[in-house]
Amino acid sequence: MQNEVIKESIESILKIRNLSFSYTGDECNMIFKNINIDISENEFFCIIGPSGCGKTTLLNIIAGFETATGGSVLQSGVEIKNVSHERAVVFQQDAVFPWLTVYQNIEYGLKVRNIPHEIREKRVREYLDVVGLTGFEDRYPRELSGGMKKRVDLARVLVNDPEMLLMDEPYGSLDALTKEKLQISLTEIWEHSRKTVVFVTHDLEEALFLGDRIVIMQHIKFNIPLRIIDVPFKRPREIFLKEEPEFQRMRRELLQEFKLL
């Protein structure tokens, strides 16, 4: 899979160069090949594609969990070789510690980094408010809904003030109503924090509603170049945007991209 370098500029926080990956390390079993993408600072960048095309693998390489077979990923000009608190990850499965309260879960990363107590308390209180969990700080995960656990996950990574937020289908296991509420909440949180976000999803509407740009990945066997779509909708966004004709037109275009119509 090949594509030209897209949106390269001095403002790019993430530069993906000729990136290839194979679990066996050989050319015959490539998951993807020669990917080139530039992601700008403060951008909400979505990755979509069918199962097995390498979306999560790409995110794992950006996170530092996986090592590329070829090429490189640079964050602020430095090649990514290991995990870092500068790149926080929110997974599809809940990552909250069941034996800790909401407050303690959010505080955990700050304690590990030996951040002073006064600063920890101030930041935890701030992000409890940001994600709408003030008043629930003494609850345990077993006492929370699935959506509330996701809010804890998000607060727990944001409180550490990462440079970049990586999200791997974080709402994929939730019911439609909860998912929609969290999409709205995430746009509000993003407006507050303006973190660079790389968001993997198989939900086309979700990508259109959340993203500034969308990259469409395909299975390497089809030899289809990456396609980048600019999302034209102004911010802040309201959920009724999904009913607008232009939104539905773009959704149909994406569906046709995957030959689902």
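From a predicted model like this one, the values you see are computed outputs, not experimental measurements.

Cut-offs applied
- Residues numbered from 1 in each chain as written.
- Predicted model: local features only at pLDDT ≥ 70, side-chain atom pairs only at ≥ 80, totals over all residues.
- Heavy atoms only, no water.
- Patch = residues over 30% accessible without salt bridge, like charges linked within 9 Å, V, L, I, M, F, W, Y side chains within 5 Å.
- Areas by Shrake-Rupley, 256 points an atom, 1.4 Å probe, with all protein chains shown as cover.
- Salt bridge = Lys/Arg side-chain N within 4 Å of Asp/Glu carboxyl O.
- Helix = DSSP H or I, 4+ residues; strand = E, 2+ residues; numbered from the N terminus.
- Buried < 20%, exposed > 50% of the residue type's maximum accessible area, 1.4 Å probe, protein only.
- 1 Å grid on protein atoms, 1.4 Å probe; cavity = no way out; pocket = protein on both sides within 12 Å on 5 of 7 lines; lining within 4 Å.
- Points joined across faces, edges and corners; volume = space filled by probe spheres on them.
- Nonpolar A, V, L, I, M, F, W, Y, C, P; charged D, E, K, R; others polar.
- Contact = heavy atoms within 4.5 Å.
- Polar contact = N/O pair within 3.5 Å; in protein donor to acceptor, adjacent residues only side chain to side chain.
- Core = buried A, V, L, I, M, F, W, Y, C linked by side-chain atoms within 4.5 Å.
- Pairing = 2+ DSSP bridges.
- Axes fitted to C-alpha atoms, helices over the stretch in contact; angles between N-to-C directions.

Engineer: Just checking my understanding: could you explain a nonpolar patch on the surface for this structure?
Structural biologist: Residues F65, V83 and F91 make up a contiguous nonpolar surface patch of about 280 Å² in total accessible area. Residue placement: V83 occurs in the loop between β5 (78-79) and β6 (87-90). The class of V83 is exposed, set by a relative accessible area of 52%.

Engineer: Explain the layout of surface pockets here, please?
Structural biologist: Any empty space left between atoms is shown by rolling a water-sized probe over those atoms. The computed volume of the largest pocket comes to approximately 520 Å³. Taken together, 21 residues form the lining of the largest pocket, with H85, A88, V89, V157 and N160 sitting closest to its centre. Looking at the lining of the largest pocket, the elements with two or more residues in it are β6, α2 (102-112) and α4 (146-158). Grouping the constituent residues of the lining of the largest pocket by class yields 13 nonpolar, 4 polar and 4 charged.

Engineer: Sorry if this is basic, but what is going on with the environment of S22 here?
Structural biologist: Considering the arrangement of structural elements, one finds S22 in strand β1 (residues 12-22). Note on S22: relative accessible area 5%, which makes it buried. When the C-alpha atoms of S22 and T57 are compared, they prove to be 9.9 Å apart, with 35 residues separating the residues in sequence. Those residues within four positions of S22 in sequence are excluded, and the remaining contacts are N29, M30, I31 and T69. A polar atom in the side chain of S22 sits 3.1 Å from the backbone oxygen of N29.

Engineer: Can you help me understand the nonpolar core in this one?
Structural biologist: Note on soluble globular proteins: their nonpolar side chains tend to be buried together. Ranked by internal contacts, the top residues of the largest apolar core, which has 51 residues, are L154, L165, M167, F199 and I214. Ranked by residue count, the leading element in this core is α4, at 6 residues. When sequence neighbours within four positions are dropped, the list of residues in contact with M167 reads L59, V90, L154, L186, V197, V198, F199 and V200.

Engineer: What is the right way to read the sheet that holds strand β2 (residues 30-40) from this model?
Structural biologist: Consider a sheet: its strands pair through backbone hydrogen bonds, and that pairing is either parallel or antiparallel. Pairing within the open sheet is antiparallel, and its 4 strands lie in the order β2-β1-β4-β5. Each edge of the open sheet is held by one strand with a lone partner, namely β2 and β5. With 5 bridges joining them, β1 and strand β4 (residues 70-75) adopt antiparallel strand pairing. Residue R17 lies in a different strand from β4, and its bridge partner there is S72. The strands that helix α1 (residues 55-63) touches are β1, β2 and β4; relative to β1, the one it contacts most, it runs at about 125°.

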